[in-house]
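Reading the structure
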Amino acid sequence: MALSGCSTLPEVQVRIDDSCSADSGADPFSLLTVHGRPLDAYAAARQAADRNEPGADQVATQISAIMGVDPPTDLNVLHSECRTSLPDPVVPALPGLFERIKQRNPRFVILNESHVSQRDRAFASQLVAGLQQKGFSVLAVEGIFPNSDVVGPDGFVNSGAGFYTNDPIFSEMLGNAVRRGMHVYPYDAAPRPGAPFQEREQAQAANLAAIARRHPDAGIIVLAGGSHGSTLPAEDGRARMGFWLQQQGVGEVFSINQTNAHVADSTLISARSCWGLDETPENPVLLPESAKADDGFDAYIAHPSGQFRARTGDLTGRVPVQTKLSSTAVRPLLVRAFPEDADPNHSVPFDQFLVTDQGATHAQLFLRPGRYRVVEELVGCIRRTHAHKLIVK
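Being a predicted model, the structure only gives us computed values, none of them experimental.

This part covers the side chain of Asn166. With respect to the helices and strands, Asn166 occurs in the loop between β5 (136–141) and α6 (168–179). Asn166 sits in the buried class, given a relative accessible area of 4%. A polar atom in the side chain of Asn166 sits 2.9 Å from the backbone oxygen of Gly162. Sequence-distant contacts of Asn166, defined by excluding residues within four places in its chain, comprise Leu32, Thr33, Ile66, Ser159, Val348 and Gln352.

Here it is in C-alpha cells:
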C-alpha cells in the first residue's frame, strides 16, 4: 500500500461556523458533537480544567485521545514482586476469546475500554467483526446519544452521533457494523443530579434488557467503559451494569476486560499480580483462566505496553502515511483526513492527529486505500483548506 498522488489545493482560511467558539465558558461537548470541532473542544476543556471545574481534566484527556494523542502512560503500575511464571500459557487474544465464547454460548458479550485509548477501540473493532461472523447481530454502545442518526446522508458516521464516536477508530467500527447489517443501539443513561451510584448502572442494564427483548434470538455485543461490565455483586451498593444485567433474566453475560493488564519487557502485569513471560508478545494475548482476578470479569486481555497510536495501526490494518503541513509555525494544528465523498462539517474523519511540535513538517496519518481530503484546523473554529488530496493505493 502506498501514497500515489498528492495535489495541493488553493489556500483559503475561513472561520467555518460563527456560532462555534472556543472562548472561555464554551461547552466542550457541544463543540465536539454539534460543531465537530475537537481541537476547540479540547481548548475549552483545558480552560475549564484551569478553572478547577470537576471532571474537566478527564474530558480534556478523552478528547486528546480522539485526536490521536497517546495517553500519558499505561494504567497499571509494576508490582514490586512478580511470580516467576504464569500457571498456564497465554494464547493469542481473538482466537482464545472466540473459543471461550463458543464454549460458554452467552447471550451478551461485554468488552470494556479505557476512554483514552484508541488501541482499545481498535481491538474492539476486531472483536465486533469476528463475533458478527459468528452470528452476533446486535451492537449496543455506551457512547451513542439516544435518538441520534449514527450514519448521515453521505454514508459516513455523524460527528453528532455521540461523544467517543468522534474517535476515527470508533467511527469506522460503527460505520462498518451498520453497513454489514448489524442493529446498533445506544444504551447509556444519564443519572439525575445527586442520584445514588447504582442508578446509572441499573438503568444501563434495563436498557440492554429492553434491546434483548426486541431481538429475542440475537447475540448482543456490548461496548462499555472501565468497570461497567463487571458482574461482581457489591455489598457497598456499587454493583456495576454487568451484575444488574444478569439479574434481568434475559441471558448469560460474558464480560471481557482489556484495560487492566499489559505486557512490558517480558513481564505480564495485571491489576493485582504480575508474572514473567518467556518473551514479550507482539500482539494482544488472552490470560489463562487460572490467572484472572476475582473481579467479575470472565476474561482478561493483555496488550503490549505503550505506543497506543502505532498499535492502532497494527490492529486495524491501516498503514502510516506522511502528509506535509502547510505551516511549521502555527500550533496546535489538527490534521484531519476525510474520505473524499464525506462532508467535513458533519462527519468523523478517517483519521486525525494533533500536531504540537513547532518544527514538525509532516503529520503521520493511518489510512486505508482510498481518496482523501486532508484539512488543517486551528483553535478558534478556523479551518485551512490549504490541504492535500491524497490517493492511497
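This part covers the nonpolar core. Of all hydrophobic cores here, the largest spans 51 residues; its most connected members are Leu97, Leu139, Leu174, Leu223 and Ile256. Take this core: its biggest share by element is six residues, from helix α5 (residues 118–133). Ignoring any residue separated from it by four or fewer positions in sequence, one finds Leu174 in contact with Leu139, Val141, Ile144, Val150, Val157, Thr165 and Val184. Judged by nonpolar contacts, the second largest core, of 19 residues, contains Ala205, Ala224, Val250 and Val253.

Moving on, we come to the pairing of β5. Counting buried positions along β5 yields five of six residues, so the element is predominantly enclosed. Taken together, the five bridges between β5 and strand β7 (residues 219–225) define a ladder with parallel strand orientation. Looking at β7, one finds that Phe136 is bridged to Gly219. Viewed along the sheet, the connection from β5 through α6 into strand β6 (residues 183–186) turns out right-handed.

With that settled, the discussion passes to the pairing of strand β9 (residues 261–264). Neither face of β9 is exposed, since Ala261 and Val263 on one face and His262 and Ala264 on the opposite face are all buried. In the sheet, β9 pairs with strand β10 (residues 267–270) via four bridges, with the strands oriented antiparallel. Looking across to β10, one finds that Ala264 is bridged to Thr267. Between β9 and β10, which pair antiparallel in sequence order, lie two residues; one of them, Asp265, sits at a positive phi of approximately 50°. Where β9 meets strand β13 (residues 299–304), two bridges bridge the pair, whose relative direction is parallel. Bridged to Val263 within β13 is Pro304.

All right, on to the packing of α5 against α6 then. Packed helices, taken two at a time, are described by their axes: the angle between them and the distance between them. Contact pair α5 / α6: the axes reach a minimum separation of 8 Å and the direction vectors enclose 15°. Taken together, α5 and α6 sit at an angle that is classed as roughly parallel. As α5 packs across α6, the resulting crossing turns out to be left-handed. Where α5 approaches α6, its residues Gln118, Arg121, Ala122, Ala124, Ser125 and Val128 are matched on the opposing element by Pro168, Ile169, Phe170 and Met173. In terms of residue class, the contact of α5 with α6 is made up of seven nonpolar, two polar and one charged.

Right, let's get into the packing of helix α4 (residues 93–104) against α5. Put simply, α4 and α5 touch, their axes get as near as 11 Å, and they point 45° apart. The orientation of α4 relative to α5 falls into the category oblique. Our pair here, α4 against α5, has a crossing hand that is right-handed. In contact with Ala93, Leu94, Leu97, Phe98 and Ile101 of α4, α5 contributes Phe123, Gln126, Leu127, Gly130 and Leu131.

Our focus in this paragraph is the confidence of the model for the protein chain. Of all residues in the protein chain, 88% have pLDDT values of 70 or greater, and the mean over the chain is 86. Below a pLDDT of 50 lies the segment residues 1–16, which in the model reaches 57 contacts outside its immediate sequence neighbourhood of four places, other chains included. Throughout residues 75–80 the model reports pLDDT below 50, and contacts reaching past four residues in sequence, or to other chains, amount to 18 contacts.

Conventions adopted
Residues numbered from 1 in each chain as written. Predicted model: local features only at pLDDT ≥ 70, side-chain atom pairs only at ≥ 80, totals over all residues. Heavy atoms only, no water. Helix = DSSP H or I, 4+ residues; strand = E, 2+ residues; numbered from the N terminus. Buried < 20%, exposed > 50% of the residue type's maximum accessible area, 1.4 Å probe, protein only. Polar contact = N/O pair within 3.5 Å; in protein donor to acceptor, adjacent residues only side chain to side chain. Contact = heavy atoms within 4.5 Å. Core = buried A, V, L, I, M, F, W, Y, C linked by side-chain atoms within 4.5 Å. Pairing = 2+ DSSP bridges. Right-handed = clockwise from strand over helix to strand, strands pointing away. Axes fitted to C-alpha atoms, helices over the stretch in contact; angles between N-to-C directions. Parallel < 35°, antiparallel > 145°, perpendicular 65-115°, else oblique. Left-handed = near helix turned anticlockwise from the far one by under 90°. Nonpolar A, V, L, I, M, F, W, Y, C, P; charged D, E, K, R; others polar. pLDDT = per-residue confidence, 0-100.

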